[in-house]
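These are the residues of each chain, in order.
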Amino acid sequence: SIIKEMAASSAVTADYVLKPPPYSLDALEPFMSRQTLEFHWGKHHRAYVDNLKKQVLGSDLEGKTLDHIILNTYNNGDLLPAFNNAAQAWNHEFFWESMKPGGGGKPSGELLALLERDFTSYEKFYDEFNAAAATQFGAGWAWLAYADNKLKVMKTPNAVNPLVLGSFPLLTIDVWEHAYYLDFQNRRPDYIKTFMNNLVSWEAVSSRLHAAKAASSSSA
Amino acid sequence: MASCVVTTSSFCTVSDSSIRLKSSKLVHLQRRRSLGSRGGLKVEAYYGLKTPPYPLDALEPYMSQRTLEVHWGKHHRGYVDNLNKQLGKDDKLYGYTMEELIKATYNNGNPLPEFNNAAQVYNHDFFWESMQPGGGDMPQKGVLEQIEKDFGSFTNFREKFTNAALTQFGSGWVWLVLKREERRLEVVKTSNAINPLVWDDIVCERVSLIFSCYKVMFPLDHMYFCCCCLQPIISLDVWEHSYYIDYKNERGKYINTFLNHLVSWNAAMSRMARAEAFVNLGEPNIPIA
């Protein structure tokens, strides 16, 4: 199915591996502290990977790819046991790769053109993404995603991601409190602003968009 | 508890001086507003931020002052402020006690925008009062007997409570509740702002009238006068904001510390006594004025 193609081409590894972020743990300072990376990647993300391994061992999911597990345990929202760990492993790898040192600001070229086409302006996109991230109550994620040849903003609770909702993820921000508590405590809006202004990797978004379009047209 | 309803035949003690008392009957009122320059009284419904029953550093070293400052002073305060902003928009949700407001805005599982804020105000008030300095350890007498009867042993209760707290994925709460009809204790976990009150389908109107009289007898407990099927007895906040400053990712350590050093079995005892008193008295037969 097209979703499986999207997942496979999303560049997130199918192995149950704790992949390090594509930069050192202090590289996002002062916008996201080394301490945050040490805990968020080193403890939270690591635990999802380790617990997933334990969970699938000896089950019929053993040996299956990460995206296979995610798509098959979502079960239309009535989650099967391995979903949370699998999806969170995926989400976090995707998140680290959504950021880069010296990131943030406005994109350019094709990506900017598409944002302007689907949101009227970059500023409107910024506001919508901001609002989604700020109003996801409890734990969850906000996304820029691609589906039906359109860009859209989504927000999801807990471990849910656009893959299981039929959309190709392009960008994410983790709004679980553990993602920002050490650096921002309760000030989620400041965290979101900092992410948008200083951390987003538009290069990653662009290459994912490329892959999404390729996957869409090859399945058409 | 930060709100109360005053009837014509009883009075209510209020612990938060920022609350304005409203006169109202226990029916859904059409709010009358006096507008214009005649100096008419603009009455608003709003709720206050109740302080925990101990200073912010009293739970050290198990729950730091810094945590209380941010958790109570920012998160809890934020829910109160945002609720009041929402309620200020129009008056259709005026005239409720907090429990009623939660149930009304829960709207049978299709929550209104006010629900998250209202429920979180209640949940946090309840949580602060589920803890005390020098807490933890074992409950005594009736509470311990009930726990042993319903869980087999106190150790088994601890295990159940701990497991629920560890496995509540994302944000939420863990509760020890008294199932009133079956008269047994149970551990339940809830997500985000949900609390056991929303699973109750008994209309509390008539009973609230009674409990406003009881408030004279139980002045500390005016928050919990509720005819709930699931009466909350103790709660633990497992949103990450409640333990991240002190324990970071180590939720297990936080849960253990809560059970060993923070949980107020005194609060549990008085909440159970009231719930059982209500169970024993049965539904009162009182004509409504």
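Residues numbered from 1 in each chain as written. Chains lettered and ligands numbered in written order. Predicted model: local features only at pLDDT ≥ 70, side-chain atom pairs only at ≥ 80, totals over all residues. Heavy atoms only, no water.

Peer 1: How would you summarise the confidence of the model for chain A if you had to cite specific residues and measurements?
Peer 2: The share of residues in chain A with pLDDT of 70 or more is 92%, and the mean pLDDT across the chain is 93. A low-confidence stretch, residues 9-14 of chain A (pLDDT under 50), is modelled with 17 contacts involving residues beyond four sequence positions or located in other chains. (pLDDT = per-residue confidence, 0-100. Contact = heavy atoms within 4.5 Å.)

Peer 1: I'd love a proper account of the interface of chain B and chain A, names of residues and values included.
Peer 2: Listed as interface residues are 19 residues of chain B and, on the opposing side, 19 residues of chain A. Linking chain B with chain A are zero salt bridges, by the criterion used here. In this structure, the connection of chain B to chain A is made through six residue pairs in polar contact (both at pLDDT 80 or more). Counting only elements with at least two residues in the side of chain B that touches chain A, the list comes to helix H1 (65-87), helix H3 (114-128) and helix H7 (244-247) of chain B. Residues of the side of chain B that touches chain A, tallied by class, amount to seven nonpolar, eight polar and four charged. (Salt bridge = Lys/Arg side-chain N within 4 Å of Asp/Glu carboxyl O. Polar contact = N/O pair within 3.5 Å; in protein donor to acceptor, adjacent residues only side chain to side chain. Helix = DSSP H or I, 4+ residues; strand = E, 2+ residues; numbered from the N terminus. Nonpolar A, V, L, I, M, F, W, Y, C, P; charged D, E, K, R; others polar.)

Peer 1: Can you break down the pattern of salt bridges residue by residue, with the values?
Peer 2: Residues and elements named next belong to chain A. Considering all chains together, one arrives at 16 salt bridges over all chains under this definition. Between Glu38 and Arg34 there is a salt bridge, with its nearest N and O atoms 3.6 Å apart. Note that Glu38 and Arg34 are positioned in helix H2 (residues 34-56) at a spacing of four residues, about one turn of the helix. On the basis of relative accessible area, Arg34 is assigned to the partly exposed category, the value being 39%. (Buried < 20%, exposed > 50% of the residue type's maximum accessible area, 1.4 Å probe, protein only.)

Peer 1: Just give me the short version of the sheet that holds strand S3 (residues 168-174) of chain A, but keep the residues and values in it.
Peer 2: Residues and elements named next belong to chain A. The three strands are arranged S2-S1-S3 in an open sheet whose pairing can be described as antiparallel. Edge positions in the sheet fall to strand S2 (150-157) and S3, since each of these pairs with one other strand and no more. Neighbouring strand axes in the sheet, compared pairwise and without regard to direction, differ in orientation by 25° on average. The pairing of strand S1 (residues 140-147) with S3 spans six bridges and is antiparallel. Residue Ala145 lies in a different strand from S3, and its bridge partner there is Pro169. (Pairing = 2+ DSSP bridges. Axes fitted to C-alpha atoms, helices over the stretch in contact; angles between N-to-C directions.)

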